[in-house]
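The chain contents come next:
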Amino acid sequence: MANGDWHEPRPIDLLFPKWPRDLFNAILEEEKLRTDRDGRPRTAYSLRHTYICLRLLEGADIYQIAKNCRTSVEMIEKYYAAHLKTKLDAAAINIMRPRPKNKTTSKKGPGRVEVSPLAAEM
């Protein structure tokens, strides 16, 4: 760099020369994301909260989320899933499942009778 701030890293140099909080806040400031839409300040915890909520909405395994975030399933259910319940229920109901292309046939009777895939599962 022209201003001389950069140098070849040495074994004693810090991996992050600034506090991670300062780096995080600098990124939020640069991207104009210091506050959420309700005016509350964003924190590193905001990323954790967003991650957990998005994973739940995607239908990820709650046990795996708990393990990844080093928390319990009970805490996720109490603090995250509880206020996502209506979205989770709606997401489970409104899933578009592709229909199987192969049709099942029945071998009873003189001719083959075509049976829908849903009826074949009953």
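Residues numbered from 1 in each chain as written. Predicted model: local features only at pLDDT ≥ 70, side-chain atom pairs only at ≥ 80, totals over all residues. Heavy atoms only, no water.

S.K.: In this structure, what is going on with the overall build of the protein? I would like to understand it.
M.R.: A tally of helices and strands in the protein yields 5 helices and 2 strands. Counted from the first residue to the last, the protein has its helices and strands arranged as α-α-α-α-β-β-α. A burial count over the protein gives 13% of its 122 residues as buried. The contacts of the protein with a sequence gap of at least 6 include a subset with a gap of at least 24, amounting to 25%. When the accessible surface of the protein is summed, it comes to about 11200 Å², and 58% of that surface belongs to carbon and sulfur atoms. (Helix = DSSP H or I, 4+ residues; strand = E, 2+ residues; numbered from the N terminus. Buried < 20%, exposed > 50% of the residue type's maximum accessible area, 1.4 Å probe, protein only. Contact = heavy atoms within 4.5 Å. Areas by Shrake-Rupley, 256 points an atom, 1.4 Å probe, with all protein chains shown as cover.)

S.K.: Where do I start with the nonpolar core in this structure?
M.R.: Nonpolar side chains tend toward joint burial in soluble globular proteins. Counting residues in hydrophobic clusters, the biggest one holds 13 residues, and the most contacted among them are Ile52, Leu56, Ile62, Ile65, Ile76 and Tyr80. Of all elements in the fold, only helix 2 (44-58), helix 3 (62-69) and helix 4 (73-93) reach the threshold of two or more residues within this core. Per-element tally for this core: the top contributor is helix 4, with 5 residues. Isoleucine 62 has contacts with Leu56, Val73, Ile76 and Glu77, leaving out every residue within four places of it along the chain. (Core = buried A, V, L, I, M, F, W, Y, C linked by side-chain atoms within 4.5 Å.)

S.K.: How should I be thinking about helix 2 in this particular structure?
M.R.: End to end, helix 2 covers 22 Å across 15 residues, agreeing with the expected 21 Å (1.5 Å per residue, within 8%). Remark: glycine 59 follows helix 2 within two positions and exhibits a positive phi of approximately 90 degrees. (Expected span 1.5 Å × (residues − 1).)

S.K.: What am I meant to see in the packing of helix 2 against helix 3 here?
M.R.: It is at 10 Å that the axes of helix 2 and helix 3 come closest, and there the two elements cross at 165 degrees. When the axis of helix 2 is compared with that of helix 3, the two are roughly antiparallel. At the point where helix 2 passes helix 3, the crossing takes the right-handed sense. Counted together, Arg48, Tyr51, Ile52, Arg55 and Leu56 of helix 2 and Ile62, Ile65, Asn68 and Cys69 of helix 3 form the full contact between these two elements. Of the residues that constitute the contact of helix 2 with helix 3, the class distribution is 6 nonpolar, 1 polar and 2 charged. (Axes fitted to C-alpha atoms, helices over the stretch in contact; angles between N-to-C directions. Parallel < 35°, antiparallel > 145°, perpendicular 65-115°, else oblique. Left-handed = near helix turned anticlockwise from the far one by under 90°. Nonpolar A, V, L, I, M, F, W, Y, C, P; charged D, E, K, R; others polar.)

S.K.: What am I meant to see in the pattern of salt bridges here?
M.R.: Note that side chains of opposite charge can pair when their charged atoms are close. Within the structure shown, the criterion is met by 5 salt bridges. In this structure, arginine 40 and aspartate 38 form a salt bridge, with 3.1 Å as the shortest nitrogen-oxygen distance. In this structure, arginine 55 and glutamate 58 form a salt bridge, with 2.9 Å as the shortest nitrogen-oxygen distance. Of this pair, arginine 55 and glutamate 58 both sit in helix 2, separated by 3 residues, roughly a single helical turn. Given a relative accessible area of 27%, arginine 55 falls into the partly exposed group. Among the charged side chains, a network of salt bridges with common partners joins Asp36, Asp38 and Arg40. (Salt bridge = Lys/Arg side-chain N within 4 Å of Asp/Glu carboxyl O.)

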